Structures are given as C-alpha cells and as structure tokens.
Amino acid sequence: MQAEDNNQTNTKWVAIIGGGPAGLMAADVLAQAGHSVIIYDQMTSLARKFLMAGRGGLNLTHSEELELFLTRYGQAASHLRPMIEAFSPQALREWCETMGEPTFIGSSGRVFPRSFKASPLLRLWLRKLAAHNVEVRLRHRFISISHSGEVTFATPQGDVTVHPSAVILAMGGASWARLGSDGAWAQALHEKGVALAPFKPANCGFDVDWSQVLREKFAGTPLKAISLSFGQIQVQGEMMITHYGVEGGAIYALSAPLREAILAEGRANLILDLRPGLSLADLIHRLNEGRKGESRANHLRKAASLSPLAISLLREKGPLPQNNEALAQLIKSYSLQLTGVQSLQRAISTAGGVAFSEMDQNLMISSLPGVFCCGEMLDWEAPTGGYLLQASFASANWAAEGAKKWLQNLK
Ligand SMILES: Cc1cc2nc3c(=O)[nH]c(=O)nc-3n(C[C@H](O)[C@H](O)[C@H](O)COP(=O)(O)OP(=O)(O)OC[C@H]3O[C@@H](n4cnc5c(N)ncnc54)[C@H](O)[C@@H]3O)c2cc1C
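Thresholds, definitions, all that
- Residues numbered from 1 in each chain as written.
- Predicted model: local features only at pLDDT ≥ 70, side-chain atom pairs only at ≥ 80, totals over all residues.
- Heavy atoms only, no water.
- Pairing = 2+ DSSP bridges.
- Helix = DSSP H or I, 4+ residues; strand = E, 2+ residues; numbered from the N terminus.
- Core = buried A, V, L, I, M, F, W, Y, C linked by side-chain atoms within 4.5 Å.
- Buried < 20%, exposed > 50% of the residue type's maximum accessible area, 1.4 Å probe, protein only.
- Polar contact = N/O pair within 3.5 Å; in protein donor to acceptor, adjacent residues only side chain to side chain.
- Contact = heavy atoms within 4.5 Å.
- Domains from an automatic or database assignment.
- Buried area = accessible area lost by both parts, 1.4 Å probe.
- Salt bridge = Lys/Arg side-chain N within 4 Å of Asp/Glu carboxyl O.
- Nonpolar A, V, L, I, M, F, W, Y, C, P; charged D, E, K, R; others polar.

Draft legend 1. Geometry of the pairing of strand 15 (residues 233-241). As paired strands, strand 14 (residues 222-230) and strand 15 are joined by seven bridges and run antiparallel to one another. Paired with leucine 223 across the strands is methionine 239, a residue of strand 15. Between the end of strand 14 and the start of strand 15, which pair antiparallel, lie two residues, with glycine 231 showing a positive phi angle near 60 degrees. Linking strand 15 back to strand 16 (residues 245-247) in an antiparallel pair, the connection comprises three residues.

Structure (structure tokens):
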C-alpha cells in the first residue's frame with residue numbers, strides 16, 4: 001500500500017468519492033468556494049449512469065408545486081425538505097441555464113435540458129470543474145475508510161491511501177452495476193458500524209404470470225392512458241407489457257408500496273381502469289349500443305375504444321362476459337396479480353442506503369467526523385419524474401455546504 005503522491009498533501013483538500021451527478025455537484029460547490037477538490041471514481045470515465053439516464057430524455061426535475069414535489073419522497077421527505085428548499089427545482093434550472101444548457105418544461109410538467117440529453121450538460125460541467133482546477137482520479141475503487149478519515153482505494157497500480165481534510169461519499173445506489181454504482185461501498189461503511197437500510201429495487205418491474213399468447217404477442221407494447229390503483233394510491237399513465245410482467249412510468253410510481261406488499265405477502269393485486277376517461281354508466285351505455293353482427297372484440301374496439309392489447313388482457317381472465325355490465329366492470333376494475341419483484345440490477349434506482357439517523361444535520365456521518373454522504377447512497381426513494389436527480393443534486397449541495405463549514409473550523 002502507498003500514500004498517494006498528490007500536490008494537496010500539505011493543504012486542506014476534499015476527496016469526493018463517486019463522480020456521478022451528486023459527486024460532481026459537491027465538487028462544483030466546493031471548487032466555486034475556492035477549495036481544492038479531487039474526485040475519485042472506480043470507472044474509466046465519470047457519470048455513466050447520468051449519461052444513461054439521458055438516453056430516453058434527461059428528466060432533471062419537475063415543475064410541480066414544492067409541497068406536492070416533497071410528498072414524492074414519502075418518509076424521507078422531512079429529511080430532504082431543507083436540502084430541496086435550499087437547492088430547489090428552480091435553482092437547478094437556473095444552475096443549468098448558467099452553465100449554458102437552458103431547460104424546458106414538458107407537457108407532463110417534467111423538466112428537461114434543451115438538448116434533451118445528458119451529454120452536452122456533462123461536457124459543459126466537466127469543463128467548468130476543470131477550469132476550477134478540480135482533479136479527477138479514475139480507476140480508483142474505494143475500499144475502506146478509517147475513523148481518522150484515511151481513505152484507501154484499489155487501483156491498477158495497487159492500493160493507495162489518502163488523507164483528505166474532508167470526504168464526500170457519493171457512490172450512488174446498487175442498480176445497473178455495470179455503470180459503476182454497485183453498492184459495494186456498503187460493506188466498508190457497515191464495518192465501521194454505520195447503519196444502513198437494506199438495498200431494495202425502486203422504480204422496477206414486476207412479474208405477472210402472463211399466458212404464452214399475451215407474452216408472445218404483446219411483450220414490448222405499452223398500455224397507454226390507463227389508471228392504476230393500489231390501496232389508496234391511484235396514478236394515471238402508461239404500463240409496458242414485458243416478457244416477465246410489467247414496467248413503465250405508472251408502475252414505477254407505485255413501485256414502493258407494490259414491492260413492500262410482495263415482499264410481505266408474495267403477491268400484490270393491482271387494479272387497472274382500462275378506460276379511465278369514461279364512467280361505468282357511460283361505458284355500459286356504449287356497450288349496449290347495437291353490435292350489428294360484429295364480433296365481440298370488434299365491438300369492444302369501436303364502442304369502448306380498447307386496443308388489441310387491452311382486449312387480450314381482458315381475455316386473460318377467460319371468455320369475455322356476455323353481460324355488458326359485467327364486461328364494463330371488468331374494463332373499469334381489472335385486477336392484475338403481481339407475483340414478484342424484478343431484481344435490483346435492472347431497477348432504475350435503489351431504495352435503502354445510509355440511514356439518516358447516522359448523520360448530523362449537515363449530512364456528516366456522526367461516527368466518521370469530516371465524512372459526508374449524499375445522492376442515491378442515502379436512504380430515500382422516489383418515483384421517476386426528475387425526483388431522483390433533484391434529490392441527488394440537492395443533497396450534494398447540502399453535503400458540500402456542510403463540508404465547507406467543517407473545513408472552516410479545521411485548524
Ligand atoms: C436507465 C436509467 C434512467 C434514469 N433516468 C433518470 C431521469 O430521467 N431522471 C432522474 O431524476 N433520474 C434518473 N435515473 C436515476 C439517476 O440517474 C440516479 O438517481 C443518479 O444518477 C444518482 O446519482 P448519484 O451521483 O448519487 O449516483 P450515481 O450516478 O450512481 O454515481 C455514483 C458514482 O460513484 C462511483 N462509484 C460507485 N462505487 C464506487 C467505489 N467503490 N469507488 C469509487 N467510485 C465508486 C460510480 O462509478 C459512479 O460514477 C435513471 C437511472 C437509470 C438507471
């Protein structure tokens with residue numbers, strides 16, 4: 001093992017471990033305040049998950065009213081509130097604009113960068129960090145941290161130990177490990193006695209025991225503009241049929257309670273309204289209008305505007321009811337049994353991580369003075385819609401502000 005030869009050894013400097021959006025934001029805040037910063041990452045390039053997030057349109061945050069926005073974090077909302085108030089969705093939009101990548105609000109209220117992608121924003125960001133002399137050490141895998149703040153990395157040249165004045169941990173969750181966020185950091189923190197909530201998949205897919213016909217014909221097809229209910233929660237949106245079951249935006253919005261129900265009881269019953277725009281009475285009325293020799297499926301398609309997928313879904317329950325009231329009931333409250341949770345590996349995000357009870361109000365780990373935590377490695381979860389990146393950015397800003405105070409008080 002060697003002590004790393006860096007030019008920061010005699011001055012105060014901050015090690016940021018993990019170069020995803022949270023780590024880069026922490027670096028940004030600290031470097032702008034004039035601090036020396038080195039970002040360490042185990043990959044050969046930074047922010048791979050951020051780039052992946054930008055593939056289908058980088059949803060940076062959401063434009064809804066802040067009180068509603070905060071409810072998306074469930075039990076963690078009270079912890080995240082001061083951080084999101086300090087670095088709000090509006091502040092995030094202004095930060096992007098200042099960087100040269102203005103944002104726009106989509107029809108759903110979601111906020112995207114002008115280019116829709118992550119790569120232009122990342123390029124500008126890395127250029128800005130370099131201009132502030134932020135250094136980057138790639139292929140440095142964090143393996144341990146001591147109570148006195150020494151950090152050891154595994155590198156292709158062997159293990160390296162550094163002793164920064166402050167450390168910001170920003171190593172992400174444990175999904176999509178091939179992008180760098182493998183959750184292996186949890187072991188090192190556990191060994192230091194830091195309590196962690198177990199990792200669980202969030203914004204993930206669920207298993208359904210589809211018939212072979214439905215699976216072969218419709219895997220990859222979305223069921224659009226439906227309403228999904230589970231317990232007291234109802235969401236509108238799109239659900240994608242997959243070979244294993246279901247995924248997609250509306251499913252992700254319910255993924256936390258669905259996951260917990262399946263983990264507790266082995267199954268969860270989701271109620272679908274396949275025609276949320278029509279009342280039950282209107283639907284019955286439409287179905288009662290003459291069929292004139294049409295097949296039942298054709299009549300359903302025309303009278304109830306159901307897609308071939310929706311009609312096949314009804315058929316999963318057996319022959320279509322002859323009685324129109326029963327048929328309308330089936331369309332308006334279709335019970336879909338979910339039998340399993342897809343693995344963490346393919347989940348959009350991770351629930352669980354460093355417990356808030358382990359950190360002080362500045363996100364410093366109480367048992368590791370000078371070591372701060374932020375981003376998805378903290379114990380919070382939220383649906384898709386920009387809430388994941390917003391909390392990652394806001395908690396990183398907060399941890400960096402905490403580190404600034406810590407550095408100020410150092411002799
Ligand atoms: C397909 C997909 C689409 C998404 N789309 C969106 C979206 O549109 N909007 C949204 O809000 N969110 C989205 N997300 C989620 C979002 O990307 C994450 O919540 C966010 O990247 C978390 O940021 P982070 O910096 O905390 O962690 P990460 O982005 O995971 O970064 C962690 C970094 O730490 C490094 N690291 C990990 N372990 C170690 C170690 N031991 N040593 C050194 N380095 C380490 C990793 O290499 C990585 O660079 C998406 C995620 C996926 C997978």
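So, next bit.
Draft legend 2. Up close: the nonpolar core. Judged by nonpolar contacts, the single largest core of 84 residues is most densely connected at Tyr73, Phe142, Ile168, Leu169, Leu189 and Trp380. Counting residues per element, this core draws most heavily on helix 15 (residues 387-409), which supplies 11 residues. By size, the runner-up hydrophobic cluster in this structure holds 46 residues, among which are Phe230, Ala250, Leu274 and Leu338.

Draft legend 3. Quick peek at the side chain of serine 349. Structurally, the position occupied by serine 349 is in strand 20 (residues 349-354). Accessibility expressed as a relative area gives 1% for serine 349, which makes it buried. Separated by 2.9 Å, the side chains of serine 349 and asparagine 203 make a polar contact. Beyond its immediate stretch of four places on either side in the chain, serine 349 contacts Ser175, Lys200, Pro201, Ala202, Asn203, Leu344, Glu376, Ala382 and Leu388.

Draft legend 4. Representation of the domain arrangement of the chain within the structure. Domain annotation for the chain reports domain 1 (2-201 + 348-409) and domain 2 (206-341). Taking only C-alpha atoms, the centre of domain 1 and the centre of domain 2 are 39 Å apart. On the side of domain 2, seven residues touch domain 1, which itself brings seven residues to the contact. Both sides of the domain 1 and domain 2 interface together cover about 550 Å² of buried area, and 56% of this is carbon and sulfur. Taken together, the links from domain 1 to domain 2 amount to two salt bridges. A salt bridge links glutamate 381 to arginine 259, with the nearest nitrogen and oxygen atoms 2.7 Å apart. Here domain 1 is connected to domain 2 by three residue pairs in polar contact (both at pLDDT 80 or more). The residue makeup of the side of domain 1 that touches domain 2, split by class, is four nonpolar, one polar and two charged.

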